[in-house]
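# Architecture at a glance
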Amino acid sequence: MFRQSHLLGIEPLAPAEITALLDLADTYAEKARAGRARGDDLAGLTQINMFFEASTRTQASFELAGKRLGADVMSMAMGASSVKKGETLIDTALTLNAMRPDLLVVRHPHSGAVDLLAQKVHDCAVLNAGDGRHEHPTQALLDALTIRRRKGRLHRLSVAICGDIAHSRVARSNILLLGKMENRVRLVGPPTLIPTGAADLGVEVYEDMVEGLRDVDVVMMLRLQKERMDGGFIPSEREYYHRYGLDAAKLAHAAEDAIVMHPGPMNRGVEIDGTLADDIHRSVIQTQVEMGVAVRMAAMDLLARNLRAARGVRAAEAVQ
Amino acid sequence: MAETVFTNARLIDPEAGEERRGALLVRDGAIAAVGDVAIPEGATVIDCRGACLAPGIVDLGVQVGEPGARHKESFRSAGRAAAAGGVTTIVTRADTGPPIDTPETLEFIRRRAAEDAPVNVLPMAALTKGRAGAEMTEIGFLKDAGAVAFSDGFRVVENTRVLSRALTYARSCRALVVSHVQDPGLSHGAVTTAGKFASLKGLPAVTPMAERMALDRDIALIEMTGAACHFDQITTARALPALERAKRNGLDVSAGVSVHHLTLNEFDVGDYRTFFKLTPPLRSEDDRMAVVEAVASGLIDVIGSFHTPQDEESKRLPFEAAASGAVGLQTLLPAALRLVHSGALGLPTLFRALSLNPARRLGLPCGRLAEGAPADLVLFDPDKPFVLDRFTLKSKSLNTPFDGARMQGVVLGTWVAGRRVTED
């Protein structure tokens, strides 16, 4: 059912593959809740996490997922200086090939860099943990699992993705995933933070937060990427909070049972009201983190099965 | 007296805008007769067997790695690529390392080219010292030393005062300025054209409007200074009305476009294929079609390859970090023939843009099939199909976007001043 040899993005996934991955993740989530988190599906495999961009949460989540499945996990912090010397990416691939990892988790500040690395490594499943402004597939998958568990379905929902969409790989992966699963997606934000051609992506674009939130089932807030603001996308944080920050008053326009999501880390008082973020009836932010580990376990498990199958085929061919 | 006759040729005459069957006589490196030619005694006869004979291509805006990056392209390798591609005159860019901004560096280019390149090489010089956009170069000396035009390449002179003075001074020297039109503020850091594709791929993008804005600015300065200016690449539909107006108002302006922008669009980048990373970035299909039409109508005068050799190391990087540009000397003709095969252009119109117009703009006698013109010729079969294998290119760098592409049109021979420069 799941035929991929890498998880580079949502784009190449078929709806059935998404469902298969979420189903498996669901079982891992249940096991973890029942206190039976540990498994040995990845025993004997080496997982290397390579983060060319600072990350705490995603890296920890992947590390935990790998350890729970019994993989040997190693994390390499690639300094910002090695990124500037772009050629190290290919050199890194060569180095990695010599180390023979089985699973490679990569985050990189350049769009497409993880694809490039995946082309250059051999006999190894690559997972994209975020590349530039392009994709962050495991985030979209964990969001999808969270929605499915809370809403009971992952289709025919109205989802508003709000905030800094232009700089967000989370938004791109979510637009793709929610679209593939036949949901209605709205993008809400100031026009300076909406990517050009957004209307061609099969979404509705709203510049007014209240209109954009009207009757939606899911409100997905994005972090205002302060470090990416290389000049004047918004006049000030306080004006942004006033017009686009999520608070109870704005949320009142969404469906009564609408849930609030955020990929974290949050800027409380910039894109989301702190009290609202902590409201366990509306906010599913903690569940997202929990599902993150489950989804990553499922993704690595499925990729490892395909990797082992491919190795088996090669070994059989070698015998003949 | 050395005489050669090309018989049984399909003569492509861009000047007359027609093609006809006939023969062509070359005497002492120049065209001596065209059409019905009696074969003189002792003349070498080349039977063209119905293949096309056209004036050799004048490729305006070629980058050669000398000085500074000979590992990417030398005059020898560029010259061989040009000969294999039917290009008889290379007009080189000044964006070398160091840039060609003094008569001394220009002299170096001319000497190296004369030693090593089998085709004509004419250098452009930088418009400002160090291509820094602050002070103009010695335009007078450089022109005397053989610079055919002045350009900072793909670097835009941002300071309008500097540019207006350089244009004014260039006019007094009767020098042609070649300008790259791209608003520097909007295009800073961009590697794709803004739109759905760029948004999906998460790449920094520039609005196509940036080209028109810079064109408008330059046109105003040309109107003010009276300088002669060639816009190296016009690639968007929105820039065309401004260009048309400037021509109608009698300004001394002309425009070019790269063959890549005529035959490829933004979607060809696909999964971050860096061989498709160009300056300016590839455009939408609507823009591509509009620009093809502008070439057909003559609004855009020149088609070039904008040959930019890059080695594997500078291309095998994440898209944003990879070097920009493609080699094109050897693929210019077969790529441009796609426009003929698609019915967008006739062969005489194509050679008006490849040979006649660039030669005229630079005041060169070539580019024509006329008595007295230099015998710079290309003989080619426009229909013969092939699949391009980049490892067969003569260039030192193999960064072509056409690797593995099905193409039609094979060069059978190239002659510069009557001398064959292609291997048999």
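Residues numbered from 1 in each chain as written. Chains lettered and ligands numbered in written order. Predicted model: local features only at pLDDT ≥ 70, side-chain atom pairs only at ≥ 80, totals over all residues. Heavy atoms only, no water.

As annotated in an unreviewed UniProt entry, chain B carries the name Dihydroorotase and is attributed to Wenxinia marina DSM 24838.

An unreviewed UniProt entry annotates chain A as Aspartate carbamoyltransferase originating from Wenxinia marina DSM 24838. Word for word, the UniProt comment on chain A under Sequence similarities (unreviewed entry) is "Belongs to the aspartate/ornithine carbamoyltransferase superfamily. ATCase family." (UniProt positions renumbered as here; feature names shortened; annotations may be inferred.)

Turning next to the side chain of Gln310(B). Residues and elements named next belong to chain B. As for its position among the elements, Gln310 is in the loop between strand E14 (302-304) and helix H11 (312-315). Taking relative accessible area as the criterion, Gln310 reaches 10% and is therefore assigned buried. Non-local contacts of Gln310, meaning those with residues more than four positions away in its chain, are made with Lys72, Lys315, Ala323, Ser324, Gly325, Ser397, Leu398 and Asn399. (Helix = DSSP H or I, 4+ residues; strand = E, 2+ residues; numbered from the N terminus. Buried < 20%, exposed > 50% of the residue type's maximum accessible area, 1.4 Å probe, protein only. Contact = heavy atoms within 4.5 Å.)

This brings us to the sheet that holds strand E9 (residues 176-179) of chain B. All names here are of chain B. Overall, parallel pairing links the 4 strands, which are arranged E9-E12-E13-E14 in an open sheet. The two strands at the open ends of the sheet, each matched to only one other strand, are E9 and E14. Here the strands of the sheet are splayed against their neighbours by 25° on average, with no regard to which way each runs. Taken together, the 4 bridges between E9 and strand E12 (residues 228-231) define a ladder with parallel strand orientation. (Pairing = 2+ DSSP bridges. Axes fitted to C-alpha atoms, helices over the stretch in contact; angles between N-to-C directions.)

Residue and element names in this part refer to chain B. Between Gly97 and Pro98 the backbone carries a cis peptide bond, its omega angle lying at 0°. Tracing the backbone shows Pro98 in the loop between strand E7 (87-92) and helix H2 (103-116). Here Thr279 and Pro280 are connected by a cis peptide whose omega angle stands at -10°. With respect to the helices and strands, the residue Pro280 is situated in the loop between helix H9 (259-263) and helix H10 (285-297). Its identity as a non-glycine residue notwithstanding, Arg49 has a phi of 50°, on the positive side. Take Arg49: it is sitting in the loop between strand E4 (44-47) and strand E5 (52-55). Positive phi values are uncommon outside glycine, yet Arg131 reaches one of about 55°. With respect to the helices and strands, the residue Arg131 is situated in the loop between strand E8 (120-123) and helix H3 (139-144). By relative accessible area, which is 11% here, Arg131 ends up buried.

Each partner contributes to the interface: chain B provides 16 residues, whereas chain A provides 23 residues. Taking both sides of the interface into account, the surface hidden between chain B and chain A amounts to around 1600 Å²; carbon and sulfur atoms contribute 62%. Per-residue buried area on chain B facing chain A is highest for Ser199(B), Arg316(B) and Pro318(B); these three make up 31% of the total on that side. Inspection of the chain B/chain A interface yields 1 salt bridge. Of the charged contacts, one joins Lys201(B) and Glu11(A) as a salt bridge, the two residues approaching to 3.8 Å between their closest N and O atoms. At the boundary of chain B with chain A, the tally comes to 4 residue pairs in polar contact (both at pLDDT 80 or more). Of the residues belonging to the side of chain B that touches chain A, the class tally is 9 nonpolar, 3 polar and 4 charged. (Buried area = accessible area lost by both parts, 1.4 Å probe. Salt bridge = Lys/Arg side-chain N within 4 Å of Asp/Glu carboxyl O. Polar contact = N/O pair within 3.5 Å; in protein donor to acceptor, adjacent residues only side chain to side chain. Nonpolar A, V, L, I, M, F, W, Y, C, P; charged D, E, K, R; others polar.)

Right, let's get into the pairing of strand E3 (residues 103-108) of chain A. Residue and element names in this part refer to chain A. Burial runs high along E3: 6 of the 6 residues are buried. Note: strand E1 (residues 46-51) against E3, 5 bridges, orientation parallel. In the strand pairing of E3, Asn49 is matched with Val105. Inspection of the sheet shows E3 paired to strand E4 (residues 125-131) by 5 bridges, in the parallel sense. Counterpart to Leu103 in the pairing with E4 is Ala125.

Residue and element names in this part refer to chain A. For chain A, the assigned domains read domain 1 (6-135 + 293-318) and domain 2 (137-288). The distance between the C-alpha centroids of domain 1 and domain 2 comes to 26 Å. On the domain 2 side, the residues contacting the 31 residues of domain 1 number 26 residues. For the domain 1 and domain 2 pair, buried surface summed over both sides reaches about 2400 Å², with 60% attributable to carbon and sulfur atoms. By the criterion of area lost to domain 2, the three top residues of domain 1 are Ile10, Leu22 and Arg133, representing 27% of everything that side buries. On inspection of domain 1 and its partner domain 2, the count reaches 5 salt bridges. The salt bridge partner of Glu30 is Arg149, with a shortest N-O separation of 2.9 Å. Where domain 1 meets domain 2, there are 11 residue pairs in polar contact (both at pLDDT 80 or more). Of all the secondary structure elements, the ones that give two or more residues to the side of domain 1 that touches domain 2 are helix H1 (15-33), helix H2 (57-68), E3, E4 and helix H12 (285-319). For the side of domain 1 that touches domain 2, the element with the most residues is H1, which contributes 11 residues. (Domains from an automatic or database assignment.)

Glancing now at the packing of aromatic side chains. Using the criterion set out here, one finds 4 aromatic pairs over all chains in the structure. Here Phe6(B) and Trp415(B) contribute two aromatic rings whose centre-to-centre distance is 4.8 Å and whose plane-to-plane angle is 90°, an arrangement assigned as edge-to-face. Of the two residues, Phe6(B) sits in strand E1 (residues 3-13) while Trp415(B) sits in strand E16 (residues 406-416), which places them 409 residues apart along the sequence. For the pair Phe6(B) and Trp415(B), one class covers both residues: buried. Seen in terms of ring centroids, Phe197(B) and Phe267(B) are 5.5 Å apart; in terms of plane orientation they differ by 75°. Their pairing is edge-to-face. Of the two residues, Phe197(B) sits in helix H6 (residues 196-201) while Phe267(B) sits in the loop between H9 and H10, which places them 70 residues apart along the sequence. When its relative accessible area of 8% is taken as the criterion, Phe197(B) is described as buried. Above the ring of Phe62(A), the side-chain terminus of Arg296(A) is found at 4.9 Å from the ring centroid. Its end group placed over the ring of Phe319(B), Lys277(B) keeps NZ or CZ at 5.8 Å from the ring centre. (Phe/Tyr/Trp six-rings, centres within 6.5 Å; stacked < 30°, edge-to-face > 60°. Lys NZ or Arg CZ within 6 Å of the ring centre and 35° of its normal.)

This brings us to the UniProt feature "domain: Dihydroorotase catalytic" (unreviewed entry) in chain B. Within this structure's numbering, the places UniProt gives as "domain: Dihydroorotase catalytic" (unreviewed entry) are residues 52-236 of chain B. In this annotation, residues 52-236 of chain B is assigned 38% helix and 17% strand; the end-to-end C-alpha distance for the span is 31 Å.

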